[in-house]
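# Results of the structural survey
Letter by letter, the chains look like this.
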Amino acid sequence: MAKPKIIIDCDPGHDDLVAILFAAKHLDLLGVTTVHGNNTLANTTRNGLIALELGKIDVPLAMGAVEPLVQPSVGIASGHGKSGLDGHEFADPRLKPISQHAVDFIIETARQHQGELIIAMIGPQTNLALAIKREPRMRQWIKEITIMGGSTTTGNFSPAAEFNIAADIEAASVVFESGIPLRMVGYNITRQTGFDSADIARLRQSGSSACQAIADLMQFYLTRQGEMYGLTLAPMHDVCAIIPYVYPDLIQFLHTSIRVELTGTYTRGMTVCDVRHPRGSAETSLRNRTEPNGFVAVSARSRDLIDRVIETLEHY
Ligand code: RIB
Ligand code: CA
């Protein structure tokens, strides 16, 4: 059976790098697009090229939006360090981005693979929002949007908002209200799904130079996440958006309504997920419900998921 076709839109980022390496081994990765977010667009692009070189992955990388649609930039995420990929010294990548803008690359790829293309959104959603506004037929062309973002419970950027949504809230609203099939894995799942020190030691034992570099990166990320959030795991947020297309039984989803809060004083950027009923918000007995617009992750076999990711990385 043909591998699912996917584009990854990202802001590398330690966990973005792992998502790219994992997807390249299991899916038909057609390209990578970069966006502002964890760091500046220049740095997320450099880091995306580093990821492709590290994994010897021969796919195009297109640069995208440098800032959010409407709101001011929220600033870089210190959890990834000054460069956005601290922990291992990389030479400047030899690879260069293609000249086509990420928005045009996404549209063109969706046009060429109508009905087949999955778009993985693992950073702020500015590029996809612009693509939907520029080409409304994207609503027919895209098979599914898989999102690392939002949460059914707490955020990380604020008590209510997760970073990828908070970094461009209007863009997220455009994407969630687009009518395109959505699959969202939020911080409620990803905060409990990550590498511990034993996983990092296992990567080091693999012996390859690529795995040594990955282990260095993950050690930095683990230490920083511990300092910032008291976590004992290096959360692998982004690969969770890829997993459903490779190991469908590792994350459990609920089909329900997911709305992006645009105006709340304390809740702006929150993904309001209706998880009141085990069968989702389609239950007509629920008050104040809104129409279901996607699948939201409500549980995961996190340890099994991480084992599958480590096994994949050991092949680099
Ligand atoms: O909140 C987690 C998300 O923010 C991940 O995509 C991580 O890479 C950062 O972008
Ligand atoms: Ca990311």
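Structure report, in brief. (Residues numbered from 1 in each chain as written. Chains lettered and ligands numbered in written order. Predicted model: local features only at pLDDT ≥ 70, side-chain atom pairs only at ≥ 80, totals over all residues. Heavy atoms only, no water.)

### Brief notes about the coordination of the calcium ion (ligand 2)
Note on metal sites: the ideal angle is 109.5 degrees for four tetrahedral donors, and 90 or 180 degrees for six octahedral donors. Here the calcium ion (ligand 2) is held by Asp 11 (OD), Asp 16 (OD), Asp 16 (OD), Ile 122 (O) and Asp 238 (OD), and the distances to it run 2.2 to 2.7 Å. Along the chain, the residues donating to the calcium ion (ligand 2) fall in the pattern D-x4-D-x105-I-x115-D. Of this pair, Asp 16 sits in helix H1 (residues 14-26) while Ile 122 is found in the loop between strand E4 (117-121) and helix H4 (126-134), placing the two residues 106 residues apart along the sequence. Looking at Asp 16, the relative accessible area reads 0%, which means it is buried. (Donors = N, O, S within 2.8 Å, 3.2 Å for Na, K, Ca; no water. Helix = DSSP H or I, 4+ residues; strand = E, 2+ residues; numbered from the N terminus. Buried < 20%, exposed > 50% of the residue type's maximum accessible area, 1.4 Å probe, protein only.)

### Points about the sheet that holds strand E12 (residues 294-300)
Here eight strands make up an open sheet; going across it, the order is E3-E2-E1-E4-E5-E6-E12-E9 and the pairing mixed. Taken across any chain shown, the strands that pair with only one partner, and hence form the sheet edges, are strand E3 (61-63) and strand E9 (251-256). Going from strand to strand, the sheet's axes swing by 25 degrees on average, the running direction of each strand aside. Summarising the sheet, strand E5 (residues 142-148) and strand E6 (residues 182-185) pair through four bridges and their orientation is parallel. Along E6, the bridge assignment pairs Thr 146 with Arg 183. Together, strand E1 (5-10) and strand E2 (28-34) form the strand contacts of H1, whose direction differs from that of E1 by roughly 170 degrees. Packing of helix H2 (residues 41-54) onto the sheet brings it into contact with E2 and E3, and relative to E3 it is tilted by some 180 degrees. (Pairing = 2+ DSSP bridges. Axes fitted to C-alpha atoms, helices over the stretch in contact; angles between N-to-C directions. Contact = heavy atoms within 4.5 Å.)

### What to know about the layout of surface pockets
What the largest pocket holds in volume is close to 320 Å³. Lining the largest pocket are 25 residues, and of these Asn 38, Ala 77, His 80, Asn 156 and Phe 163 lie nearest its centre. Residue assignment for the lining of the largest pocket shows that the elements contributing at least two residues are H1, helix H6 (163-166) and helix H10 (209-229). When residues in the lining of the largest pocket are grouped by element, the largest group, four residues, is from H10. Across the lining of the largest pocket, the residue classes break down as eleven nonpolar, nine polar and five charged. By volume, the second largest pocket amounts to about 250 Å³. Ile 50, Leu 52, Glu 53, Leu 54 and Arg 94 are, among the 14 residues lining the second largest pocket, the residues nearest its centre. Per-class residue counts for the lining of the second largest pocket are nine nonpolar, no polar and five charged. (1 Å grid on protein atoms, 1.4 Å probe; cavity = no way out; pocket = protein on both sides within 12 Å on 5 of 7 lines; lining within 4 Å. Points joined across faces, edges and corners; volume = space filled by probe spheres on them. Nonpolar A, V, L, I, M, F, W, Y, C, P; charged D, E, K, R; others polar.)

### Here we look at the site of ligand 1
Close to ligand 1 lie 13 residues; Asp 15, Asn 156, Glu 162, Asn 164 and Asp 238 are nearest. A distance of 2.7 Å separates an oxygen atom of ligand 1 from a polar side-chain atom of Asp 15. Taking Asp 238, its side chain carries an N or O atom lying 2.6 Å from an oxygen atom of ligand 1. Considered on its own, ligand 1 offers 280 Å² of accessible surface; in the complex 97% of this is hidden by protein. (Near = heavy atom within 4 Å. Polar contact = N/O pair within 3.5 Å; in protein donor to acceptor, adjacent residues only side chain to side chain. Areas by Shrake-Rupley, 256 points an atom, 1.4 Å probe, with all protein chains shown as cover.)

### Quick look at the packing of H1 against H10
Angle between the axes and distance between the axes: these two values describe a pair of packed helices. It is at 10 Å that the axes of H1 and H10 come closest, and there the two elements cross at 145 degrees. Like other packed secondary-structure pairs, H1 and H10 cross with a definite hand, here left-handed. Residue-level inspection shows His 14, Asp 15, Leu 17, Val 18 and Leu 21 of H1 in contact with H10, the latter providing Ile 214, Leu 217, Met 218, Phe 220 and Tyr 221. Tallied by class, the residues present in the contact of H1 with H10 amount to eight nonpolar, one polar and one charged. (Left-handed = near helix turned anticlockwise from the far one by under 90°.)

### Notes on the packing of aromatic side chains
For the structure shown, the criterion picks out two aromatic pairs. Over the aromatic face of Phe 253 sits the side chain of Arg 183, whose NZ or CZ is 4.6 Å from the ring centroid. The ring centre of Phe 295 lies 5.0 Å from the NZ or CZ of Arg 183, which sits over that ring. (Phe/Tyr/Trp six-rings, centres within 6.5 Å; stacked < 30°, edge-to-face > 60°. Lys NZ or Arg CZ within 6 Å of the ring centre and 35° of its normal.)

These figures come from the coordinates and say nothing about function on their own.
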